[in-house]
Amino acid sequence: MHTGLRITAFAAALAATFGTAYGVGRGVDPVVAESEPAPHGEHAGSTARQHGDKSHEGQERTPPGGLQISEGGYTLDLATPHVTAGRSTELRFTVRDVNGDAVTAYQREHDKELHLVLASRDLVTYRHLHPTRAADGTWSTPVDLPAAGGYRVFADFTPAGKGAENLTLGADLAASGRYEPARLPAPDDTARTDGYEVELAGALRPGRASELKLKVSRDGEPVGDLQPYLGAYGHLVALRSGDLAYLHVHPNGEPGDGTTAPGPEVSFTATAPSGGTYRLFLDFRHQGEVHTAAFTVRAGSTPGAQEPAPAATPEHTDGHGH
């Protein structure tokens, strides 16, 4: 967590201690302004964007993506800071520039102007959404969160303009209702979702790029006809347990490049900003449907190396009912 305890996390702790309902006020998120914009790279293979700039002492000078509500002259203005669990609500937000004006021009990346990721603080619930932008710059999308508690909203975008850099801004969201904290599922190298089995090979390593390979099967047979989804055969988001530092990397290769096969393996290169526990979410498309497979991994060790703990059943979707 960037500075201090956020109100949503504090409320969640109280609810867990006393077994009361998760009450929601208007949360306050720290605004961090920099005198000079931090360096950024593209999603794939970008060490600056994936794990922050490192000092000689190995400390992060530039935080990983998603920990700041303001960066590089842009601010995420979340107009819906709280929702009610189990009820569909329209989530509304605006990206504002250094003058406070709404941003209305973006570069399209992977078929979209902006990618919105929403995850619970316990990393059990995950959404990959694609909101609609109005002419005045207001973004909106319906959300229906299954459980009360603290959530984090990530806006992943690149403003229009020559030399503009990719940004991931984050803000806290709270869902009111009866709060029951869930434990992070234990590390494993296999995930099952919607009748598919996804196997993870490789290890997420702190401060060093490494390859992660994910193999998709169904009914014991490799799936060799994955379909492009947002311009790729798969998308991977990694969130660090605790502060939800955000990594968004894309596959090594793309459809139509003459070398990348449409499955069963999708390969990524990623760098963890530090040691610790991470939750990986893979979105892939097959037979016209988008599915999400989730993994818990430890940076610096192989998947499954940690002693298993009682696991909650992960609830996740890409915003299309999967």
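As the structure is a prediction and not an experimental result, all values here were calculated from the model.

> What am I meant to see in the side chain of H115 here?
Within the secondary structure, H115 sits in strand β6 (residues 114-120). Ignoring sequence-local partners within four residues, the contact set of H115 consists of E109, H110, H128, L129, H130, F154, A155, D156 and L230.

> It is not clear to me how the side chain of T158 should be interpreted in this structure. Could you clarify?
Note that T158 resides in the loop between β10 (149-157) and β11 (167-178). Among the residues examined, T158 registers a relative accessible area of 1% and is labelled buried. Within the structure, the side chain of T158 is placed 2.9 Å from the side chain of E109, a separation counted as a polar contact. Of note is the side chain of T158, whose polar atom sits 3.3 Å from the side chain of N166. What T158 contacts, discounting residues up to four positions off in sequence, is Y106, Q107, E109, A164, E165 and N166.

> Which parts of the structure should I look at to understand the confidence of the model for the chain?
Low pLDDT marks regions whose predicted coordinates should not be analysed in detail. When pLDDT is averaged across the chain, the result is 79; 74% of the residues are at 70 or more. Below pLDDT 50 for its whole length, residues 1-60 participates in 131 contacts with residues either more than four positions away or in separate chains. Low pLDDT, under 50, characterises residues 302-314; the predicted model gives this stretch 23 contacts beyond four residues in sequence or across chains.

> Looking at this model, I keep getting lost on the pattern of salt bridges. Mind explaining?
In a structure, side chains of opposite charge can pair up when their charged atoms sit close to one another. For the structure on display, the rule yields seven salt bridges. Here R133 and E113 are joined by a salt bridge, their closest N and O atoms 2.9 Å apart. One end of the pair, R133, is in strand β8 (residues 132-133); the other, E113, is in the loop between β5 (89-96) and β6, with 20 residues separating them in the sequence. The salt bridge partner of R240 is D243, with a shortest N-O separation of 2.6 Å. There is no split in this pair, since R240 and D243 are both buried.

The rules behind the values
Residues numbered from 1 in each chain as written. Predicted model: local features only at pLDDT ≥ 70, side-chain atom pairs only at ≥ 80, totals over all residues. Heavy atoms only, no water. Helix = DSSP H or I, 4+ residues; strand = E, 2+ residues; numbered from the N terminus. Contact = heavy atoms within 4.5 Å. Buried < 20%, exposed > 50% of the residue type's maximum accessible area, 1.4 Å probe, protein only. Polar contact = N/O pair within 3.5 Å; in protein donor to acceptor, adjacent residues only side chain to side chain. pLDDT = per-residue confidence, 0-100. Salt bridge = Lys/Arg side-chain N within 4 Å of Asp/Glu carboxyl O.

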